[in-house]
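Examination of the molecular architecture
Each chain, letter by letter, is given below.
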Amino acid sequence: MDASVLLALRDPAGVPFYPVVFQALYVLTWALHAAFVLLALGSMGLSLYGTFRQKSDPIWKILTPHLIQTGKISVSILIVLGVAPLLFTQVIYDPNWYVANTLSGMWVFIFIYSLVVGYIMYYWYYYANKANTGGGKLIGIVSFLILVFAGVLMHNFAVTSIMPNDWMNMYAPNGVVDTSGLTFNMDVVRLAFMVSLSIPVVGIFLQNYSRFLSTRDDFSKEFISYTASLGTKLAIVGFLLSAVTFALWMLQIGYLLHPLSISIVIGVVILLLMVAKNSNSYITTGVLVVVALLISAMRELIRFDIMAKLGYSIYEYPVNLEIPSIVMFLLTFLIMGGVGVAYLLTMSWKVGKSKDVFDGSKDVAVNKLGNYTLSIMILWMVIYFGWGMAILFNNIL
Ligand code: HEM
């Protein structure tokens, strides 16, 4: 692939701010997306096991619906958090993203419908299990498989986008243009590594779950210790599996001895020791976040290097500074997002810690944060639409 083709595919309007900032935001937001992908797949998968145990086992009777609920919420969060890296990737790597979406256009449609059908079926599974303990097993399994399939499609888009040298061949194999939009590429080891991480993630989640509930006297000691030790076992087995698949992936692409790859391996070893000891799973979660950021950076490094070898560097993307929109974005992200997320997290924490029905209107912190969130959102809408209208009318009148 000639660099001139890649450069011609860039947006002629340039990027509104320094590319390195978009790159950093991509790494950050993809790690967040991945965290909830892994929690969704892990908790949903484990809940399916629970549906077979919950009738006869009182521990699984409590745990299974909680896992189903965790997966259900995580899917909605992963969808929201998937949009952010999507936006950043299409700003700085637009040639890659749009070519992949064209070559695999049909799969993009299939992805959307799979997600819609898979998530609706998840609700079916949730309600069936709620109505009748152990109900909805088959629906749950089908929904799980559809959501995993959505992940495989996502993987296809990511892999196809970093194969510029093969695009011509995919577009016109043997010189005949293929407009089916069914281009499909997989890197089995890379995918196995990504998906395997859902096991340690659900393991650490269970350690946190047990720690969090240990202060509540309506959960038995037996339940608390069972969930903690199940979490430990899953995390240890999962990390060992992820470490092997990660090493194989790095070996396959020649990055095994790269400092970033070595730091990920060290991070995984530290995590292994921490989950085995389980002295404070909240700190383990903090370390997991750092390792997730390193893995996200590794994905970016692979793509950056492939593109750099072809003469495409995001750092040379023409910059057309647009300070107002970047200020608006950062204020939205940090202030509205920060306060809104703090409000939701504070409320969830307090709901989970209270034995009886929690009344947010009687809690000072929740009340304050709720009012701030509402006021900031109203202000945001006034500025956003007011500003947009002012510019629009200024341009057309
Ligand atoms: C159940 C649904 C989903 C699953 C299981 C899933 C899973 C994944 C996985 C495994 C990857 C990494 C692929 C790789 O690097 O090999 C990925 C990447 C990504 N996902 Fe998702 N995902 C889902 C939904 C979504 C949605 C709804 C969006 C957007 C709204 C999204 C946006 C992204 C983006 C932008 C990337 C990075 C692509 C790239 O770097 O080229 N995902 N996802």
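A quick note: this is a predicted structure, and the numbers were derived from the prediction, not measured.

Analysis parameters
Per-chain numbering applies: the sequence of each chain, read as written, is numbered from 1 onward. The predicted nature of this model means local features are confined to residues of pLDDT at least 70 and side-chain atom pairs, given and counted, to a pLDDT of 80 or more, with totals for whole chains, interfaces and linings taken over all residues. In computing side-chain properties, one takes all heavy atoms of the structure into account and sets aside hydrogens as well as water. Per the convention used, a helix needs a DSSP run of H or I reaching at least four residues, while a strand needs a run of E reaching at least two, with both numbered from the N terminus. Only protein chains enter the accessibility calculation, which uses a 1.4 Å probe. A residue is then buried if its area is under 20% of the maximum for its type, exposed if over 50%, and partly exposed in between. Any two residues whose heavy atoms approach within 4.5 Å at even a single point are treated as in contact. As used in this structure description, the phrase polar contact means that two N or O atoms lie within 3.5 Å; if the pair is within protein, one of them must be able to donate a hydrogen and the other to accept it, and residues adjacent in sequence are counted only when both atoms belong to side chains. The source of the domain bounds is an automatic or database domain assignment. Throughout, the accessible surface (probe 1.4 Å) given up by two parts as they are put together, summed over both, is called the buried area. Put simply, a salt bridge is a Lys or Arg side-chain nitrogen that is within 4 Å of an Asp or Glu carboxyl oxygen. When we say a residue is near a molecule or strand, we mean one of its heavy atoms is within 4 Å of it. Under the scheme applied, nonpolar residues are Ala, Val, Leu, Ile, Met, Phe, Trp, Tyr, Cys and Pro; charged residues are Asp, Glu, Lys and Arg; polar residues are all the others, including Gly. Each metal's donors are the N, O and S atoms within 2.8 Å of it, or within 3.2 Å when it is Na, K or Ca, and because water is not part of the set, sites may look incomplete. Helix span, as expected, comes to 1.5 Å for every residue beyond the first. The convention used is that axes are lines fitted to C-alpha atoms, helices contributing only their stretch in contact, and that angles between N-to-C directions extend from 0 to 180 degrees. An angle counts as roughly parallel when it lies under 35 degrees, as roughly antiparallel when it exceeds 145, as roughly perpendicular when it falls between 65 and 115, and as oblique in every other case. Rotating anticlockwise by less than a right angle from the far helix to the near helix defines a left-handed crossing, while the corresponding clockwise rotation defines a right-handed one.

**Overview of unusual backbone geometry**
In this structure, N174 is a non-glycine residue whose phi angle is positive, near 55°. Relative to the assigned elements, N174 resides in the loop between α7 (167–171) and α8 (188–196). N174 sits in the exposed class, given a relative accessible area of 77%. Even without being glycine, N278 reaches a positive phi, approximately 45°.

**Focus: the environment of K353**
One can find K353 in helix α13 (residues 323–353). With 140 residues separating them along the chain, K353 and L213 place their C-alpha atoms 7.2 Å apart. Leaving out residues up to four positions away in the same chain, K353 has contacts with F212, T215 and R216. Within polar-contact distance, the side chain of K353 engages the backbone oxygen of F212 at 2.9 Å. A polar side-chain atom of K353 sits 2.8 Å from a polar atom in the side chain of T215.

**Quick notes on the domain arrangement of the chain**
Each domain of the chain was delimited in the assignment, giving domain 1 (3–321) and domain 2 (322–397). Contacts between the two partners involve 14 residues from domain 1, matched on the other side by eleven residues from domain 2. In this assembly, domain 1 packs against domain 2 so that about 1100 Å² is buried in total across both faces, 70% of it on carbon and sulfur atoms. If you sort the residues of domain 1 by the area they bury against domain 2, F17, F212 and R216 come out on top, with a joint share of 43%. A salt bridge links D217 to K355; its shortest N-O distance comes to 3.7 Å. Top contributing element to the side of domain 1 that touches domain 2 by residue count: helix α2 (residues 19–53), with three residues.

**Focus: the site of the ligand**
Taken together, 24 residues sit near the ligand, with Y26, H33, M154, H155 and R190 positioned nearest. Within the side chain of H155, an N or O atom sits 2.6 Å from an oxygen atom of the ligand. Here R299 contributes a side-chain N or O atom positioned 2.8 Å from an oxygen atom of the ligand. Among the secondary structure elements, those contributing two or more residues to the shell around the ligand are α2, α3 (58–92), α5 (105–131), α6 (137–161), α8 and α12 (281–309). Of the residues forming the shell around the ligand, the biggest block, seven residues, is contributed by α6. Here the shell around the ligand is built from residues that sort into 16 nonpolar, five polar and three charged.

**A closer look at the coordination of the iron atom of the ligand**
Just one protein atom donates to the iron atom of the ligand; it is H33 (NE2), sitting 2.2 Å from the metal. Residue placement: H33 occurs in helix α2.

**Describing helix α10 (residues 221–253)**
Helix length check: α10, at 33 residues, gives a terminal C-alpha distance of 47 Å against a target of 48 Å (1.5 Å per residue), a fit within 8%. At the exit of α10 stands G254, carrying a positive phi of roughly 75°.

**What to know about the environment of L87**
Tracing the backbone shows L87 in helix α3. The exposure class of L87 is partly exposed, given its relative accessible area of 44%. Along the chain, L87 and L25 lie 62 residues apart, while their C-alpha atoms are 9.9 Å from each other.

**Some words on the packing of α2 against α6**
Interaxial distance between α2 and α6 falls to 10 Å at its minimum, and their mutual angle equals 160°. With respect to their mutual orientation, α2 and α6 come out roughly antiparallel. For α2 against α6, the interelement crossing comes out left-handed. Within the contact between the two elements, α2 uses L41, M44, G45, L48, T51 and F52 and α6 uses K137, G140, I141, S143, F144, L147 and V148. For the contact of α2 with α6, the residue count by class is eight nonpolar, four polar and one charged.

**Let's talk about the packing of α5 against α6**
Between α5 and α6, the shortest axis-to-axis distance is 8 Å and the interhelical angle comes to 155°. Regarding the angle of α5 to α6, the classification is roughly antiparallel. Considering the relative orientation of α5 and α6, their crossing is left-handed. Split into classes, the residues belonging to the contact of α5 with α6 amount to 20 nonpolar, five polar and no charged.

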